[in-house]
Amino acid sequence: MHRRRQSPRAPIRFFLTATLLLLAASWAPIVAAITEPASAADAAQIADPIDQGDPRGVTPRPYQIPRSEGVEVVIDGKLDEGHWRAAAVVSLPYETRPAENQPAPVETEALVFYDTSYLYVGFRARDPNPKAIRAHLTDRDTAWNDDWVGVVLDTFNDERRAVEFFANPYGVQMDLFNDDVNDNESDSWDAIWDSAGRITESGYEVEMAIPFHQLRFPSGAQQQIWGVDFVRNYPRNDRHRIASQPMDRDVSCYLCQISKMEGFAGISPGRNLEINPTLVSGRTDTRSDFPTGDFQDGGVDTDPGLTVVWGVTPNLSLSGTLNPDFSQVEADVAQLDVNNQFTLFFPEKRPFFLEGADFFDTLLDAVFTRNVSDPDWGVKLTGKDGKNGVGVFAAQDSLTSLIFPGSQGSDADTFAFETTDTALRYRRDFGNSSSVGGVFTGRDGGDFSSYLGGFDGRYRMNDKDSIRFQFLGSRTEYPAQIAEDFEQPTGNISDLAYTLRYNHNERDWGAYAQYTDIGRDFRADMGFMPRVDYTFVLAGGRKTWTGEDGDWYNKLSVGGDWDLTEDQSGQLLEREAEAWISIDGPKQSNIFLSVVDRDRYFEGVDFPDQFTIQGWQEFQPSGKVWLGFWYRIGDDIDFANVRPAETLVLEPSVRYNIGKHIRATLDHTYQELDVDEGRLFKVNLSQLRLVYQFNIRMFVRGIFQYQQIERNPLLYVDEVDRENKDLFSQLLFSYKLNPRTVLFFGYSDTREGYVEEQTRVDLTQSDRSLFLKIGYAWNL
């Protein structure tokens, strides 16, 4: 039954007014901090590190890092050469998680020195039982469940962004970019550096050599002060985080608490020029008339490409690419696309766009580079100078992918016309981990154009409270035929979008609130915003208890929130109340349980009093096995036929290491949806990944994704197949000397089957592909 209503606006107006008043009251100090240069007191505060024995204290000097010249350093995992005896030695005496700044259960020390070209870091990680060390040969950025050690570097000492280098006992590399302002840690950043490790009778040792040309840092010949944290992961019954300084859980930033080190006078990245030619060759055959037709020879398609990265200055990088290799050897994780309202999100995995991608992140997803489908060329500039950061990229795309958003659903398609795609991001830092910035995006080609611009910021009021905001405007014009086919407005359309968010975070409790308003004709065609024409208000909080020695839990949190979503006319779309509990315990376990009560509206029908229970459990009983299980059960909506339904979703996962070379991962999703008349559909989706790792550089891998959907056609308004199934398989050989000097050779195919009326087609091969990629990185 269709019931249209005007919901009260008073809570929204109150929240918006209070937030704007708070911003207005804070405006004067913000302006002063942005426009005035740092005072001598500010400079002194930046130079003084945090007390390594008390996170609220002050120590007079940073670690002094010695310089060594004229020695040849061999990275072999052995710390017995003479140059290590002259290195600065830093102990890691604190366990910061799960225990809170207690004595570490094992001894660890880091050794540091540098020369003209490299920063050298070594670790001695002692262990009372070396046989219990968890170490496996894996691909880079995948050894997070092993023992590992590493260093975090805030090279600009601005306490906002850092790069992180970690390695397990075999020297398997993991590197990340940490954006502390946006609370985002990403392994999409890949540097070229050397590492080696070995297990000893007393534990393990790791060596790292980090080239300065892979880092960005202030220019000049003077001594430099960098933020630094030395970290060890010690996974046993609990996952112990061990570090060189304590962490105050009542302070909501991480980089503002790490130690400092001093040295690096006269260091230079050199010419900092990287030339990366690639060659990609492949052949894809498809069955012309499925399922009985013959395969059509796709021919061999060979594409040479070139990417050049130039460090214009130590803190500014320019990269350009011609006929770029935007191929993707990593298959997307399989997702269910059944009974969904909105377009599915698939993360970016292409190296050119991943480099510096975090800089384009904003509260609203205004930049989503996967929209650039098949570019002929691209150029990108990223870097930071003092308080100012900038990011720019442009690409000529031969295909155009578009999302057509709405308040209750979205559509997407790809079109065969060219566009020039651009994005510009600027950010200026001020005060204590605060910033303001702007973003602009554009797509233009043929009869299509779309432009977006706006500003955003984060104001950190104190150690616990912060406000973030973003305001955007857009203008879009679709080609007439596309507008007609996808029921979009004709001519130029424009609208606004903005969001305000408040967060309070401390050791024992937290609170948050949000207001978002997205106009009906707002479009983010270079971003990922599949929903428009709505307002959203949210308020919630949590309470946390930290376990002591002997307690049955490490951390216990309870919380809840309330949210309200309406379209721009005031029609209720969703009202939701949620309560949850989360428990961290032994065997690296986590138990999460949530209960949700909500009212929803879809396509003219109200769906009141929907109740859902969902949860997640995981634990790691040993270094070989990890188990996880997610579930959801309760009321739902049959979106295809607009009626109430009940759903059950089960998602078990298992990861198993066989020795140090073999890893198997199996994920499964089971979903069923029932309506009053019976079972509407049942879905099984399985993904198996098998990897044999020869050494830290070479592996073979198989990925197998199987999906089966069974429906009752009598319960659907539109005609559907009774059954669909498909099997995707990929076999890959990989050799990586470093992230960009690579050799990939692989095979993939897809098999499909279906049942419709009286016709049944078993799994039959519909396409097959062979592919080869060669890439080489010259650093000059």
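Everything that follows concerns the structure shown earlier in this document.
Residues numbered from 1 in each chain as written. Predicted model: local features only at pLDDT ≥ 70, side-chain atom pairs only at ≥ 80, totals over all residues. Heavy atoms only, no water.

### A closer look at the overall build of the protein chain
Helix and strand content of the protein chain: five helices and 43 strands. In terms of overall dimensions, the protein chain is globule-like: its C-alpha atoms have a radius of gyration of 27 Å, near the 28 Å expected for 780 residues. Along the three orthogonal principal directions, the C-alpha set of the protein chain runs to about 80 × 65 × 60 Å. Residue burial in the protein chain is summarised as follows: out of 780 residues, 53% are buried. (Helix = DSSP H or I, 4+ residues; strand = E, 2+ residues; numbered from the N terminus. Rg over C-alpha atoms; globule rule 2.2 N^0.38 Å. Buried < 20%, exposed > 50% of the residue type's maximum accessible area, 1.4 Å probe, protein only.)

### Points about the sheet that holds strand S2 (residues 88–91)
The five strands are arranged S2-S5-S6-S12-S11 in an open sheet whose pairing can be described as antiparallel. Of all the strands in the sheet, just S2 and strand S11 (194–200) have a single pairing partner and so form its edges. Neighbour-to-neighbour, the strand axes of this sheet turn through a mean angle of 15°, independent of strand direction. In this sheet, strand S12 (residues 203–211) lies alongside S11 in antiparallel orientation, the contact comprising seven bridges. Directly across from Ser195, in S12, lies its bridge partner Met208. (Pairing = 2+ DSSP bridges. Axes fitted to C-alpha atoms, helices over the stretch in contact; angles between N-to-C directions.)

### Structural notes on the packing of aromatic side chains
Per the counting criterion, the structure on display carries 41 aromatic pairs. Note on Phe212 and Phe217: the rings are 6.2 Å apart at their centroids and 75° apart in plane angle, and the pair reads as edge-to-face. Ring centres of Phe404 and Phe415 lie 6.3 Å apart, and the angle between their planes is 80°; this geometry places the pair in the edge-to-face category. Residue Phe404 is found in strand S22 (residues 400–404), and its partner Phe415 is found in strand S23 (residues 411–415); the two are separated by 11 residues along the sequence. On the accessibility criterion, Phe415 (14% relative accessible area) is buried. We note Lys384 situated over the ring of Phe156; from NZ or CZ to the ring centre the distance is 5.8 Å. Lying across the ring of Trp545, Lys543 places its NZ or CZ 5.6 Å from the centre. (Phe/Tyr/Trp six-rings, centres within 6.5 Å; stacked < 30°, edge-to-face > 60°. Lys NZ or Arg CZ within 6 Å of the ring centre and 35° of its normal.)

### Some thoughts on a nonpolar patch on the surface
On the surface, Trp310, Val312, Leu318, Leu322, Trp377 and Val379 cluster together into a nonpolar patch covering about 500 Å² of accessible area. Sorting the residues of the nonpolar patch by element identifies strand S18 (300–313), strand S19 (316–322) and strand S20 (375–385) as the ones contributing at least two each. With respect to the secondary-structure elements, Trp310 resides in strand S18. Look at Trp310 and you get partly exposed, because its relative accessible area is 41%. (Patch = residues over 30% accessible without salt bridge, like charges linked within 9 Å, V, L, I, M, F, W, Y side chains within 5 Å. Areas by Shrake-Rupley, 256 points an atom, 1.4 Å probe, with all protein chains shown as cover. Salt bridge = Lys/Arg side-chain N within 4 Å of Asp/Glu carboxyl O.)

### As for unusual backbone geometry
Cis geometry marks the peptide bond from Arg97 to Pro98; its omega dihedral reads 0°. Note on placement: Pro98 falls in the loop between strand S3 (94–97) and strand S4 (102–103). Omega for the bond connecting Phe290 with Pro291 falls within 30 degrees of zero, at 10°, which places this linkage in the cis form. Looking at the element boundaries, Pro291 is found in the loop between strand S16 (273–287) and strand S17 (295–296). Even without a glycine there, the phi angle at Asp533 is positive, about 60°. Residue Asp533 is classed as buried on the basis of its relative accessible area of 13%.

### Observations concerning the pairing of strand S35 (residues 625–638)
Sheet analysis places strand S34 (residues 605–619) next to S35, joined by eight bridges and oriented antiparallel. Each bridged residue has a counterpart across the sheet, and for Ile613 the counterpart in S35 is Ile633. Hairpin connection between S34 and S35: a loop of five residues separates the two successive antiparallel strands. Note that S35 and strand S36 (residues 643–658) share 14 bridges and pair antiparallel. Each residue of the ladder has a partner; that of Ile637, found in S36, is Pro644. What sits between the antiparallel neighbours S35 and S36 is a turn of four residues, in which Val642 has the positive phi angle 55°.

### A word on the nonpolar core
Considering soluble globular proteins, one finds that nonpolar side chains tend to be buried as a cluster. Judged by nonpolar contacts, the single largest core of 40 residues is most densely connected at Leu119, Leu153, Phe165 and Phe230. Of all the secondary structure elements, the ones that give two or more residues to this core are S2, strand S5 (108–114), strand S6 (118–126), strand S7 (148–154), strand S8 (161–167), S12 and strand S13 (224–235). Those residues in contact with Phe165 that sit more than four places away from it in its chain are Val149, Gly150, Val151, Leu153, Met174, Asp175, Trp189, Ala191, Trp193, Met208, Ile210 and Leu215. Core analysis: the next-biggest nonpolar cluster, separate from the first, contains 25 residues, Phe360, Val367, Ala423 and Leu538 among them. (Core = buried A, V, L, I, M, F, W, Y, C linked by side-chain atoms within 4.5 Å. Contact = heavy atoms within 4.5 Å.)

### Brief notes about the environment of Arg575
Tracing the chain through its elements places Arg575 in strand S32 (residues 572–585). Separated by 11 residues in sequence, Arg575 and Leu564 place their C-alpha atoms 4.5 Å apart.

### Some points on the environment of Asp179
Position of Asp179 among the secondary structure elements: in strand S9 (residues 173–179). Put simply, Asp179 and Phe359 are 180 residues apart on the chain and 8.3 Å apart in space, counted from C-alpha to C-alpha. Filtering out sequence-adjacent residues up to four positions away, Asp179 remains in contact with Arg160, Arg161, Asn184, Asp358 and Arg427. A polar contact is formed between the side chain of Asp179 and the backbone nitrogen of Val181, at a distance of 3.2 Å. (Polar contact = N/O pair within 3.5 Å; in protein donor to acceptor, adjacent residues only side chain to side chain.)

### Some remarks on the pattern of salt bridges
Pairing of side chains with opposite charge becomes possible as their charged atoms draw close. Tallying each qualifying case throughout the model produces 40 salt bridges. A salt bridge links Asp429 to Lys384; the shortest N-O distance between them is 2.7 Å. Remark: Lys384 occurs in strand S20 and Asp429 occurs in strand S24 (residues 419–430); sequence separation between them is 45 residues. Each of the two residues, Asp429 as well as Lys384, counts as buried. The closest approach of N and O atoms between Arg460 and Asp463, which form a salt bridge, is 3.6 Å. Connected through shared salt-bridge partners, Asp158, Arg160, Asp179, Lys384, Arg427 and Asp429 make up one network.

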